[in-house]
Amino acid sequence: MSDGLSVEAEPGFRPVPGWGLDGPLGGCVEVADVAVDGADNVYVFARKESTVFRLSPAGEVQARWDPTPFIRPHAITVSPVDAAVFCVDDFAQAVMKFTPDGEPVMRIESIADLSFTGYTRGDSGSVRRAGPPFCYPTAVSFGPDGDLFVSDGYGNARIHRFNAAGKLLDSWGEPGHEHGQFVLPHAVLVDGERLYVADRENDRVQVFDLDGRFLNEWTDCYRPAKLCRDAEGMFLLAELGRVNKAEGPSRELDLSAHTGRITRRDPSGRILEELTSTGRPGRETFFAPHGIALDSRGDLYIAETYVTFFRGQAPAHTPLHKLALGRTPRDPCATRPGTSGAAAR
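Summary of the structure given here. (Residues numbered from 1 in each chain as written. Predicted model: local features only at pLDDT ≥ 70, side-chain atom pairs only at ≥ 80, totals over all residues. Heavy atoms only, no water.)

### Some remarks on the packing of aromatic side chains
The test is simple: Centre distance within 6.5 Å is the pairing criterion for rings of Phe, Tyr and Trp, where only the six-membered ring of Trp is used; planes under 30 degrees apart are then read as stacked, over 60 as edge-to-face, and the remainder as tilted. Secondary structure is summarised from DSSP: a helix means a run of H or I of at least four residues, a strand means a run of E of at least two, and numbering begins at the N terminus for each. Only protein chains enter the accessibility calculation, which uses a 1.4 Å probe; a residue is then buried when its area is under 20% of its type maximum, exposed when over 50%, and partly exposed in between. Should the NZ of a Lys or the CZ of an Arg lie within 6 Å of a ring centre and within 35 degrees of the ring normal, that charge is described as sitting over the ring.
In the structure shown here, the tally under the stated rule is 15 aromatic pairs. Aromatic side chains Tyr 196 and Phe 235 sit 4.8 Å apart centroid to centroid with 40° between the ring planes, which places their arrangement in the tilted category. Of this pair, Tyr 196 sits in strand 17 (residues 194-199) while Phe 235 sits in strand 21 (residues 235-239), placing them 39 residues apart in sequence. When sorted by exposure, Tyr 196 lands in the same class as Phe 235, which is buried. Taken together, the ring pairs in this structure connect Phe 45, Trp 65, Phe 70 and Phe 98 into an aromatic cluster. In this structure, Arg 72 is placed above the aromatic ring of Tyr 154, and the distance from its NZ or CZ to the ring centre is 5.8 Å. One cation-aromatic arrangement involves Arg 121 over Phe 91; the distance from NZ or CZ to the ring centre is 4.2 Å.

In structure tokens:
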């Protein structure tokens, strides 16, 4: 547990060991992200396999998308409008829309010269100027009118807004550390009229209105990777921690630094609970919690990218976790896709 954290409520989660890891997923090494649809089916975006597995609520594999166009899976979420599945592939410079069975529907691709922003691959601090989409995009979320908000990304410092047909409407953001500036905008979540951006390498979540006006920030974060909202209106935030430098040429580990964690926060960003892989507060840790999603029961799914994030230095580790909620959500409708899903190395 991080120093000074006061846990004000008993954590309501318990681990479900081995969930979803039988059968085809048993050999899965890394999961980039996870999403849940309105029927509580779980979509697992597997990085090494470069595919999507659809699992039943019981954890049984229902389908595997094949073939797929992915180069490096990064983020996945389900549209609240038509239950379409959106995937973000940062190396392909694309946001892709599919049916639940994996049939392609739409692809929004890069129009940018990747050298424009000054980005040196692997070092998001090298971005010198903001550019058009895309330069290693990271995530997508959905506005109340069906617009798409895309965080961009490893090699850019922008939020792009597209209409439902994929037409670019607006872009905003610059590299830096001030309000409205980003160093690796890693995930985005639209919740009502507010837009939450996981500003990863600035160790914060920035809150905006849907036109990009700054409203607030959460600053006690350790590399926020993805966030979602639960039925009680609280937020779950996946944080990668600071043990691994991750960005830049150094492969050095700082074992005294803050480890990966999941925090549950109120709308102002105040920490209510801190979760580990056991579902309890403590030093037991996630290595690289990169993706996170909730189902209608309030159960929590966590995806880890411990191989690429730690550059092969982490021990073998479970890439997919399920934590079952021990208390009853107050408003199950509040966790439908689009209010609980956003995307996330």
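### Some points on the pairing of strand 23 (residues 271-275)
Spelled out, the test is: When DSSP finds two or more bridges between a pair of strands, those strands are recorded as paired.
Of all the five residues making up strand 23, five are buried; the element is thus mostly covered by neighbouring parts of the structure. Note: strand 22 (residues 261-265) against strand 23, four bridges, orientation antiparallel. The partner of Arg 264 across the bridge, within strand 23, is Glu 273. Joining the antiparallel neighbours strand 22 and strand 23 is a turn of five residues, in which Gly 269 adopts a positive phi near 95°.

### Topic: unusual backbone geometry
Residue Phe 134 follows Pro 133 across a cis peptide bond; omega there is -10°. Within the secondary structure, Phe 134 is located in the loop between strand 9 (104-109) and strand 10 (137-142). A cis geometry characterises the amide bond from Asp 152 onward to Gly 153, with omega recorded as -5°. With respect to the helices and strands, the residue Gly 153 is situated in the loop between strand 11 (148-152) and strand 12 (158-162). Phi at Arg 223 is positive, roughly 55°, even though this residue is not glycine. Inspection of the secondary structure puts Arg 223 in the loop between strand 19 (214-218) and strand 20 (224-229).

### As for the environment of Asn 216
Looking at the element boundaries, Asn 216 is found in strand 19. With relative accessibility at 27%, the residue Asn 216 sits in the partly exposed group. Separated by 20 residues in sequence, Asn 216 and Tyr 196 have C-alpha atoms that sit 9.4 Å apart.

### Quick look at the side chain of Asn 244
What counts is decided by this rule: In what follows, residue pairs with any heavy atoms lying within 4.5 Å of each other are defined as contacts.
Among the secondary structure elements, Asn 244 is positioned in the loop between strand 21 and strand 22. Taking the relative accessible area as the measure of exposure, Asn 244 reaches 1% and is therefore buried. When near neighbours in sequence (up to four residues on either side) are disregarded, Asn 244 contacts Arg 223, Glu 252, Leu 253, Phe 309 and Phe 310.

That's the geometry; what it means functionally is another story.
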